[in-house]
Amino acid sequence: MAIVERDVETIPQLISTVLQIQEQLPLEHKLWFRGVGNHNHSLIPKIMRSQRKSEDVFEREKRLITRFRQRSMAYWPEGYSQNDWEHLFAMQHYGLSTRLLDWSENVFVATFFAVSHVPSPQEEQGVVPILWCMDPVRWNRSMPGLSEYGDTVRVLTTVDDEIESYRPETTRRRSKSPVAMYGAHNSNRIVAQRGTFTVWGADTQDMEAFAESSPNELLWKIRLIGERGQLYRDIQSLGFSETMIFPDLPSLALELERVEGWRE
């Protein structure tokens, strides 16, 4: 089974479950986590959610990067790197559509994102927050474009030769499957959130579809079925509040408003 599902009700149960998963892996393999507020949302980046063809996706990405590069120059500090990877990570950080999907090396950060989501009136009743877990090394070694390299494959970086076919402005033939990679820590938020990424190639399927086609266990889907408000309060009690996740003044204002609210 490529996707393993678990249900937990409390934060202690969640941590116990995550540790059980980690114990199944080699010591050098460390889990990544992604929190999703609605169990109906798939693991797929924003730019690919419209189910467009891959050539349309890359054409849109090319135009967005060009316009972002042209219009953001005045906002960057002098000497800031201006390569296409740097721009892609910055675009992801500021909310533009990219082929990147955010993950975290910290289970509490991902859990915060899952349980702090407030379902909208348009969402179905009974939506459940999800904590996704993945072993990024095993994931990369299971992807067709990298599996030929065997046990030498690790989490990719922007300087690895294997990542060249995923680069926004590559001249190579694009690989199809998404792979796990480290990105530039070019903001306070990504540092605080211990951010990592999966980046998509030419195939616009979600990660669930790739996982289901593999004989290996690649994803763990933990459903947080306890009361959402209590889960949120518990994660706050552990110190994972707005300013820890988003270290900036707007988040400080929100946190103070909540913690230091008017008391009779």
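Computed from a predicted structure; not experimentally measured.

Basis of the calculations
Residues numbered from 1 in each chain as written. Predicted model: local features only at pLDDT ≥ 70, side-chain atom pairs only at ≥ 80, totals over all residues. Heavy atoms only, no water. Axes fitted to C-alpha atoms, helices over the stretch in contact; angles between N-to-C directions. Helix = DSSP H or I, 4+ residues; strand = E, 2+ residues; numbered from the N terminus. Parallel < 35°, antiparallel > 145°, perpendicular 65-115°, else oblique. Left-handed = near helix turned anticlockwise from the far one by under 90°. Contact = heavy atoms within 4.5 Å. Patch = residues over 30% accessible without salt bridge, like charges linked within 9 Å, V, L, I, M, F, W, Y side chains within 5 Å. Areas by Shrake-Rupley, 256 points an atom, 1.4 Å probe, with all protein chains shown as cover. Salt bridge = Lys/Arg side-chain N within 4 Å of Asp/Glu carboxyl O. Buried < 20%, exposed > 50% of the residue type's maximum accessible area, 1.4 Å probe, protein only. Nonpolar A, V, L, I, M, F, W, Y, C, P; charged D, E, K, R; others polar.

> A description of the packing of helix α1 (residues 11-23) against helix α4 (residues 107-116) should follow, citing residues and the corresponding values.
Contact pair α1 / α4: the axes reach a minimum separation of 12 Å and the direction vectors enclose 130°. It follows from the interaxial angle that α1 and α4 lie oblique. When you trace α1 past α4, the crossing you get is right-handed. Within the contact between the two elements, α1 uses Ile11, Leu14, Ile15 and Val18 and α4 uses Val107, Phe108 and Thr111.

> Which residues make up a nonpolar patch on the surface, and what values go with them?
A grouping of Leu249, Leu252 and Leu256 is seen on the molecular surface, where their side chains present a nonpolar patch of about 300 Å² in accessible area. Along the chain, Leu256 falls in helix α11 (residues 249-259).

> A description of the pattern of salt bridges should follow, citing residues and the corresponding values.
Scanning the model with the defined rule gives ten salt bridges in all. With a closest N to O distance of 2.7 Å, Asp161 and Arg172 form a salt bridge. On the criterion of sequence distance, the pair formed by Asp161 in the loop between α6 (144-147) and β5 (179-181) and Arg172 in the loop between α6 and β5 is long-range, its members being eleven residues apart. Taking the relative accessible area as the measure of exposure, Asp161 reaches 47% and is therefore partly exposed. Among the ionic pairs, Arg233 bridges to Glu227, the shortest N-O distance being 3.6 Å. With a relative accessible area of 45%, Arg233 lands in the partly exposed category.

> Mind laying out unusual backbone geometry, listing which residues take part and the relevant values?
One non-glycine residue, Arg194, lies in positive phi territory at about 50°. Following the sequence through the fold, Arg194 ends up in the loop between α7 (188-192) and β6 (195-199).

> Quick rundown of the packing of helix α2 (residues 54-72) against helix α3 (residues 84-93)? Include the residues and the values.
Interaxial distance between α2 and α3 falls to 10 Å at its minimum, and their mutual angle equals 90°. Our classification of the angle between α2 and α3 gives roughly perpendicular. The segment α2 lies against α3, with Glu61, Leu64, Ile65, Phe68, Arg69 and Ser72 engaging Asp84, His87, Leu88, Ala90 and Met91. In terms of residue class, the contact of α2 with α3 is built from six nonpolar, two polar and three charged.

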